[in-house]
Amino acid sequence: MMKLVLSYIKEKRKNVLIFLFCAMQIKIFAFLYGLNSADINYALFICGISVAVIAVIDLIKYIEKYKKLAYLKRQLEYELGEFPEAKGLLENTYQEMVSELYISRKNLVSSMDISAKEAEEYYMLWAHQIKTPISAMHLLLQSGEVDCKILSIELFKIEQYVEMVLHYLREKQMSQDMVLNYYSLSEVIKTAIKKYSKLFILQKIKLNFESMEVIVLTDEKWLLFAVEQIISNALKYTKAGSVSIYIDKTNENLLVIEDTGIGISAEDLPRVVEKGFTGYNGRSNHKSTGLGLYLTKEVLNKLGHRLLLESQVGKGTKVIIDFNRE
């Protein structure tokens, strides 16, 4: 309590000094003009008593206000309560600043919680996904009949999943890692095909690709990641047949990657780019955790490209990257 009283006196010291200065001036003028000193002293005494009463009342309000603010401070972690009535424009402005800072902090904490939740969900899905090739490799080694081709495929899948999680971490700050320039689309695709050439051979999937004279404004590394994910999906869901990569005949800004795989049902098609959504075919084949297309769409959106899908169950899927710019 004494601490509050001393703090109050310190804050009001200017008012005390002004009162003393005015009293001193009145005494000086009374002396110079020969006024009755007793009357002046009595008047100053009455004024002093009045000021003291007002100060005591103001001190009580000051203590109550402090207690309310102290309570609000303790509750700040949970909610922003109602401030005491502001005295003047400055105090009102401070209260508005605190309110705005609290809202900003709350939004930031909420955003961080959502990001942490999303990351947790992603890593759980990723861990589940990477277990599949690891389990397959364990079974092969335990059986004693090691098939180098199958081991090579499973090892390649693990490498892909590791790359995927690294791209997921970088995708959140993708803008800092972007180098936009004009690149040959054909060269980007050739790099992706070279990476997956072993899987094309081992799975006996035919590749139809012709070089294309198309230049696109993009980031080479991130576009390559998106193309790789699409080719990976095409190989994953195509047991026999082919994968074709070509430019749409009616629009040279549309890149088409078409497979003859199991396809996607009409009801699943709008949702296959959602994180964690696998769809009926993904669940029945136990191959999908709904991460690849989600990341692909996120990356392409940030590059200013669009991802389009066309599919028929049992006939295959067309994945289209739209390079048109408004």
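The notes below deal with the structure included here. (Residues numbered from 1 in each chain as written. Predicted model: local features only at pLDDT ≥ 70, side-chain atom pairs only at ≥ 80, totals over all residues. Heavy atoms only, no water.)

1. Digging into the pattern of salt bridges
Inspection of every chain in the model, using the stated rule, returns six salt bridges. Here Glu 187 and Lys 190 are joined by a salt bridge, their closest N and O atoms 3.8 Å apart. Highlighted residues: Glu 187 and Lys 190, both in helix H6 (residues 185-202), separated by three residues, approximately one helical turn. Between Lys 195 and Glu 228 there is a salt bridge whose closest N-O contact spans 3.2 Å. In this pair, Lys 195 sits in helix H6 while Glu 228 sits in helix H7 (residues 220-236), placing the two residues 33 residues apart along the sequence. Salt bridges linked by common partners bring Glu 163, Lys 195 and Glu 228 together as one network. (Salt bridge = Lys/Arg side-chain N within 4 Å of Asp/Glu carboxyl O. Helix = DSSP H or I, 4+ residues; strand = E, 2+ residues; numbered from the N terminus.)

2. Looking at the nonpolar core
Judged by nonpolar contacts, the single largest core of 57 residues is most densely connected at Tyr 122, Leu 185, Leu 223, Ile 231, Ile 245 and Leu 255. Once residues lying within four places of it in the same chain are set aside, the contact partners of Tyr 122 are Met 164, Val 165, Tyr 168, Leu 291 and Leu 295. (Core = buried A, V, L, I, M, F, W, Y, C linked by side-chain atoms within 4.5 Å. Buried < 20%, exposed > 50% of the residue type's maximum accessible area, 1.4 Å probe, protein only. Contact = heavy atoms within 4.5 Å.)

3. Focus on H6
Side chains that are three or four residues apart share a direction in an α-helix, a result of its 3.6 residues per turn. Between its terminal C-alpha atoms H6 stretches 26 Å, which fits the 26 Å expected from 18 residues at 1.5 Å a residue. Its axis deflected by about 55° at Tyr 196, H6 carries its strongest bend there. Taken together, the buried positions of H6 are occupied by Leu 185, Ser 186, Val 188, Ile 189, Ala 192, Ile 193, Tyr 196, Leu 199 and Phe 200. Looking at the buried residues of H6, the elements they touch are helix H5 (148-171), strand E1 (180-184), strand E2 (206-209), H7, strand E4 (242-247) and strand E5 (254-259). Downstream of H6 by a residue or two, Lys 204 has a phi angle that is positive, lying close to 55°. (Expected span 1.5 Å × (residues − 1). Bend = angle between axes of the 7 residues up to and from the residue.)

4. Let's talk about a nonpolar patch on the surface
Taken together, the side chains of Met 24, Ile 28, Phe 29, Phe 31, Leu 32, Tyr 33 and Leu 35 make up a nonpolar region of the molecular surface, amounting to roughly 870 Å² of accessible area. Structurally, the position occupied by Phe 29 is in helix H2 (residues 13-32). (Patch = residues over 30% accessible without salt bridge, like charges linked within 9 Å, V, L, I, M, F, W, Y side chains within 5 Å. Areas by Shrake-Rupley, 256 points an atom, 1.4 Å probe, with all protein chains shown as cover.)

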